[in-house]
Amino acid sequence: MGINFALSSPKKKTQTEKTNYNKFEFDWRTHMKTSTKRTILAAAISSACLLTAMPSYAEGSFTANASATSNYIWRGLTQTTNEAAVQGGIDYAHESGFYAGTWASNVSYASDDIYSYEHDVYFGYSGESDGIAYDFGYLYYNYDAEAEFDFAEIYGSVGMGGVSVTVYLLAHTEADEAEGQDFGFGQAYYASFDYTTEILNGTELTLHAGYHSGDFVEAFNFGDGETDSYADYGVSIAKDGFSFAVTGTNLDDVGADALDNDELKFTVAYSVDFEL
């Protein structure tokens, strides 16, 4: 999930603490946090990003996916200090609508960070009724053991035509709460709106907007004791496995760092799927 407009990573304590102590297809997860996890989950542009609907498979079939992206974007934030990522996963889907899978990517939040990988495991159920598509499930984000910041979310998505609305709720985490923080069920969430349409010879255009909020959002992504919510947005085009995305956030400039999450990001990615 290179560009995952939607989907995810827990990782950080503070940008500083995280550096010393301890984290799209298009999460936009070209998942999330490509395509596999976040596609299944639905839109980054939340990384090129992001989660929408499970592809249709024959009964009990397995597929694999692999991708390379110039920047792993998750919910508008770089997960690789604006460097490249190699990602891949395996999925199982049943004709009943049940699916399950696993996905992995390299990650890095600072030069001396202990984070090196993100490994996701998820399962859910998707289908369609009267022209309305739906998808709900559970997603677990696993990071280096030393980070002690694994977390999980439950998610639900509904869509009609090219429009989809997705909500992720924090389910649980191994991270410790600081005084005054609440990492309980549903105390952090990510909500996104995505619109996808074909514009030219099979080229797809996707527009994305998302909002992330909660104490866990601050602890995992910023660690500054202040930023517990932010909005992200993006636009992407994709065709034949190639994608290009422009993503941004409403975050303020926090000074020089390797993340630059207050700036627009331009991402290119290529992904391929395999029948197993």
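Residues numbered from 1 in each chain as written. Predicted model: local features only at pLDDT ≥ 70, side-chain atom pairs only at ≥ 80, totals over all residues. Heavy atoms only, no water.

S.K.: How should the overall build of the chain be read in this particular structure?
M.R.: Broken down by element type, the chain carries three helices and 15 strands. Taking all 276 residues of the chain together, 53% fall into the buried category. (Helix = DSSP H or I, 4+ residues; strand = E, 2+ residues; numbered from the N terminus. Buried < 20%, exposed > 50% of the residue type's maximum accessible area, 1.4 Å probe, protein only.)

S.K.: Would you explain the packing of aromatic side chains in this entry?
M.R.: Aromatic rings in a pair are described by how distant their centres are and how their planes are angled relative to each other. Taken as a whole and judged by the stated rule, the model has 23 aromatic pairs. Arranged with centres 6.2 Å apart and planes meeting at 70°, the rings of W74 and Y141 form a pair that is edge-to-face. One end of the pair, W74, is in strand 3 (residues 73–74); the other, Y141, is in strand 8 (residues 132–143), and 67 residues separate them in sequence. Aromatic pair F242 and Y270: ring centres 4.5 Å apart, planes at 45°, arrangement tilted. Here the residue F242 occupies a position in strand 14 (residues 242–249), and Y270 occupies one in strand 15 (residues 265–275), the gap between them amounting to 28 residues. (Phe/Tyr/Trp six-rings, centres within 6.5 Å; stacked < 30°, edge-to-face > 60°.)

S.K.: It is not clear to me how a nonpolar patch on the surface should be interpreted in this structure. Could you clarify?
M.R.: Among the surface-exposed residues, I132, V158, M160, V163, V165, F193, Y195, L207 and V235 lie close enough to one another that they form a single nonpolar patch of about 710 Å² accessible area. At the level of elements, strand 9 (151–160), strand 10 (163–173) and strand 11 (188–200) are the ones that each hand at least two residues to the nonpolar patch. In this fold, V158 is placed in strand 9. (Patch = residues over 30% accessible without salt bridge, like charges linked within 9 Å, V, L, I, M, F, W, Y side chains within 5 Å. Areas by Shrake-Rupley, 256 points an atom, 1.4 Å probe, with all protein chains shown as cover. Salt bridge = Lys/Arg side-chain N within 4 Å of Asp/Glu carboxyl O.)

S.K.: When you look at the nonpolar core in this model, what are you seeing that I'm missing?
M.R.: In globular proteins that are soluble, nonpolar side chains generally tend to be buried together. Core analysis: the biggest nonpolar cluster contains 31 residues, and Y115, Y143, F149, F151, F216 and F220 have the highest contact counts within it. The set of elements that each furnish at least two residues to this core consists of strand 5 (85–93), strand 6 (98–106), strand 8, strand 9, strand 10, strand 11 and helix 3 (215–221). A total of four residues in this core trace back to one element, the largest contributor, which is helix 3. (Core = buried A, V, L, I, M, F, W, Y, C linked by side-chain atoms within 4.5 Å.)

S.K.: What is the right way to look at a negative patch on the surface in this model?
M.R.: On the surface, E146, E148, E174, D176, E177 and D182 cluster together into a patch of negative charge. By the secondary structure assignment, E177 is in the loop between strand 10 and strand 11. (Lys, Arg positive; Asp, Glu negative; His and termini not counted. Charge placed at Lys NZ, Arg CZ, Asp CG, Glu CD.)

S.K.: What is the right way to read the sheet that holds strand 8 from this model?
M.R.: Neighbouring strands of a sheet are bound in pairs by backbone hydrogen bonds; such pairs are parallel or else antiparallel. Pairing in this closed barrel of 12 strands is antiparallel, and the strands run 2-5-6-7-8-9-10-11-12-13-14-15 around the ring. Neighbour-to-neighbour, the strand axes of this sheet turn through a mean angle of 20°, independent of strand direction. As paired elements, strand 14 and strand 15 share six bridges and run antiparallel to each other. Looking across to strand 15, one finds that S243 is bridged to A269. (Pairing = 2+ DSSP bridges. Axes fitted to C-alpha atoms, helices over the stretch in contact; angles between N-to-C directions.)

S.K.: Would you take a moment to explain the pairing of strand 10 for this structure?
M.R.: Sheet faces and side chains relate simply in a regular strand, where the side chains alternate between the two faces. The pairing of strand 9 with strand 10 spans 10 bridges and is classified as antiparallel. Residue E153 lies in a different strand from strand 10, and its bridge partner there is L170. In this antiparallel pair of consecutive strands, strand 9 and strand 10, the connection spans two residues, and G161 shows a positive phi of 65°.

S.K.: Explain the pairing of strand 15 to me, please; I cannot follow it from the model alone.
M.R.: Where strand 2 (residues 61–69) meets strand 15, seven bridges bridge the pair, whose relative direction is antiparallel. Residue pairing for strand 15: A64 is matched across the bridge by F274.

S.K.: What should I look at first to understand unusual backbone geometry in this one?
M.R.: Note: most peptide bonds trans; most residues except glycine with negative phi. Here R75, not a glycine, exhibits a phi torsion of approximately 50°, which is positive. Structurally, R75 is set in the loop between strand 3 and strand 4 (77–78). Even without glycine at this site, N201 takes up a positive phi of about 50°. Summarising the element assignment, N201 is placed in the loop between strand 11 and strand 12 (203–214).

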